[in-house]
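# Analysis of the macromolecular model
Each chain, letter by letter, is given below.
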Amino acid sequence: MKTIYNLMLIVLSILMLGSCKKDEMELDKGSTPLKLEISEDIVVLSQFVEDKEAVKFSWGAGSNQGTGAAISYLFEMDLKDNNFAGGIKKNIGKTDSHFISYTNKELNDSLKTVWNIPVDDEETYTFEARVTAVVSDTSVETQISNVVVFDVQPYKYRTLRLYLIGDATPGGWNIEQATLMTMDAENKDVFTWEGTLLKNGFRFICQNTSGTWWPGYVKDPDNEGKAKYFATEPAGEDDVKFMINAPGVYRVTINTSTLDVVIDPIDVEEPEPELYLIGDATTGGWDVPQATKMNYIESAQAFEWEGALKAGKFRFVCQNISGMFWPGYAKDANADNKMVYFETAPSSEQDISFDIDKPGIYKITANTSSLDVNIQPISVQEPAPELYLIGNATPGDWEIMNATEMSYNEAEKTFEWNGNLNSGELRFICQRRPDRWWPGYVKDPVNEGKAKYFDAQPADGEDIKFTISDAGEYYVSLNTETLEVVIRKQDDITVLYDNMWMVGDATPEGWSWDKMVEMTQSEENGNIFTWTGNLKVGEIKFSLEGPTAKDFSGYFVYATKKDASIFNDTDIDIRNSGEDYKWKLSELEAGTYTITINFNTNKISFEKQN
């Protein structure tokens, strides 16, 4: 019994000893000194490794004086001798992690945002840091670490990579093949590249990631030899390229700080002077690559060209590169035989073209030094007579390009038109070209039923319109010799034909003369015939006499050309002999249509119903 008792005392003593040991460990928790250490005394920040760690602060846990209470930490960093009055104050809280670190970018950004330090100067600044430990048990005093002193040299935010891109470069506009430039070892703002460039344009981009065209640098149109930076895509007129006028080897240098750009020719042949004609008067129209090249006459220091021009407008461009409408020359607003040079697109008021009123052969001479322009007609054709109706009473309203064309009766020297007019006003213009409102004809205020001609804009009070009071079908005519005007509403029109039939394999009855399909005459206007039904693949024409005439004889309504389009060829020709021109429907065009023939206007329409 005694033995058992002794054994129990031994076990109890062991348990009590273990309990005492455990209480002693808790009381000793957090006895590490609060000492702050820094990974680097001199911190040189670098944009090249901006996401990498630049500096690390670490410290001991501090002491909770055996209370077992949690410890919270406050990290502070400020400029030296500022006594931590400002700067960074980061409450780290209760944690077993006793360190804090900053990447190159984080610390560089903090220097700008927290202390307003001009990082672009890249000057060294001295800082201090400390850590304060606060024990949750208020009986334990707050502990403050030692102060560490260290230097920081910030970096200037700059472009780290730069590429050439554009039609002049080896990689063209393939962004992933953009040409990488070399950063200068001593001045990181300067990039250079040397190699072959083609005659065309280029600009600079900051990365060659697919679809990432900006940020980048374009040519500054207002400062020669300068670039202009855009973080995002600029407006179209601001996206100006640097131009290479002759292919060869070049050295291209750009300073992203001063924005200076130097393009030095290394091995380049002197380019031949170039000038081109462009505009709707030329054979290439407004398509720059199709612009008409002029010949350079060195002895005269001028450009010459001789050839055919249409009625229309033209001006000069300095290259025939797609999309490059400028630099170039426009007409001088203050002198008929002078031109004005524009490096980039001018205002709409300054973008004036030279006019060619009559088609024919011309000789054009342009001197880029004196800015003289000579347009000499060699063999000019008299244009076909033209006259158009314009005004809110007409189908085209006041839209000059939709002005209503009149037909010219040469024998009568009269222009005629039949069609629908709205209530409103109208007058006559002599051409349908943008912004060419004159020459034209207005109402003569003195002589009733007469027009008055003006070569240019008339004075206020003289631009008198003809008035249409009631909407409806009208006959309008103007004799340009006698100036007589007829505007007659077609209320009591003369019916020209009583019947109309259609025949052809496109019609329901095909070419059967006895079963040809009759059209319906309008009750309101006897000169209009309509029919609605199914048309098949094939041909169609119209008979004015129908089955009453001998097979396929008499007067017909014909198309004006072979295999005429039912949508585009709307003119009709009435005769009893000559070419058998018909309208033709393709497989895709077959379907249900309403056909209308109007003998007032001598027009036909096929309106698809499905």
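Up top is the structure these notes are about.
Residues numbered from 1 in each chain as written. Predicted model: local features only at pLDDT ≥ 70, side-chain atom pairs only at ≥ 80, totals over all residues. Heavy atoms only, no water.

In space, the 4 strands of this open sheet follow the order β44-β45-β50-β51, with antiparallel pairing throughout. Since the sheet does not close on itself, it has two edges, and those belong to β44 (520-521) and β51 (603-608), each with one partner. Taken together, the 2 bridges between β44 and strand β45 (residues 528-535) define a ladder with antiparallel strand orientation. Residue pairing across strands places Q521 opposite F529, the latter belonging to β45. (Pairing = 2+ DSSP bridges. Helix = DSSP H or I, 4+ residues; strand = E, 2+ residues; numbered from the N terminus.)

The next thing to look at is the pattern of salt bridges. Under the definition given, this model contains 30 salt bridges. The salt bridge involving R433 is made with D357; its shortest N-O contact spans 3.9 Å. Separated by 76 residues along the polypeptide, R433 in the loop between β36 (424-429) and β37 (440-443) and D357 in the loop between β29 (354-356) and β30 (360-366) bring together distant segments of the chain. Accessibility expressed as a relative area gives 12% for R433, which makes it buried. Assessed through its relative accessible area of 45%, D357 is described here as partly exposed. Close ionic contact of D357 with R436 constitutes a salt bridge, the shortest N to O distance being 3.8 Å. Here D357 is found in the loop between β29 and β30, whereas its partner R436 is found in the loop between β36 and β37, with 79 residues between them in sequence. (Salt bridge = Lys/Arg side-chain N within 4 Å of Asp/Glu carboxyl O. Buried < 20%, exposed > 50% of the residue type's maximum accessible area, 1.4 Å probe, protein only.)

Before going further, it helps to spend a moment on the packing of aromatic side chains. On inspection of all chains with the given rule, the structure shows 31 aromatic pairs. Judged by centre distance (6.1 Å) and plane angle (55°), the rings of W513 and F556 are tilted. Of the two residues, W513 is situated in the loop between β42 (501-503) and β43 (517-518) and F556 in strand β47 (residues 556-558); the sequence distance between them amounts to 43 residues. Residue W513 shares its accessibility class with F556, and that shared class is buried. For R315, the ring lying beneath its charged end belongs to W326, and the centroid distance is 3.7 Å. (Phe/Tyr/Trp six-rings, centres within 6.5 Å; stacked < 30°, edge-to-face > 60°. Lys NZ or Arg CZ within 6 Å of the ring centre and 35° of its normal.)

Attention now moves to the environment of E462. Among the structural elements, E462 can be located in the loop between β38 (451-454) and β39 (466-468). Distance in space between the C-alpha atoms of E462 and R203 is 54 Å, their sequence separation being 259 residues. Beyond its immediate chain neighbours, meaning those up to four positions away, E462 contacts V442, K452 and F454. (Contact = heavy atoms within 4.5 Å.)

Once that is clear, we can look at the sheet that holds strand β34 (residues 407-409). Pairing in this open sheet of 4 strands is antiparallel, and the strands run β34-β35-β40-β41 from one edge to the other. The sheet is open, and its two borders are formed by β34 and β41 (485-489), each paired with just one other strand. Mean inter-strand twist for the sheet, computed between neighbouring axes without regard to direction, equals 20°. (Axes fitted to C-alpha atoms, helices over the stretch in contact; angles between N-to-C directions.)

Ranked by internal contacts, the top residues of the largest apolar core, which has 34 residues, are F57, L107, F127 and F150. For this core, the secondary structure elements donating two or more residues are β2 (36-38), β4 (53-59), β6 (71-79), β8 (99-103), α2 (104-113), β9 (125-135) and β11 (148-153). With 6 residues, the single largest contributor to this core is β9. Once residues lying within four places of it in the same chain are set aside, the contact partners of F127 are M77, D78, L79, K80, L111, W115, I117, V148, V149, F150 and V152. Ranked by size, the runner-up nonpolar core spans 24 residues in total, among them M500, F529, L544 and V557. (Core = buried A, V, L, I, M, F, W, Y, C linked by side-chain atoms within 4.5 Å.)

Let us look at the environment of P273. On the secondary structure map, P273 appears in the loop between β21 (261-268) and β22 (276-278). Classification of P273 as partly exposed rests on a relative accessible area of 33%. As for P273 and Y388, which are separated by 115 residues in sequence, their C-alpha atoms are 43 Å apart. The residues contacting P273, other than those within four sequence positions of it, are Y296 and F303.

Just distances and angles here, no functional claims.
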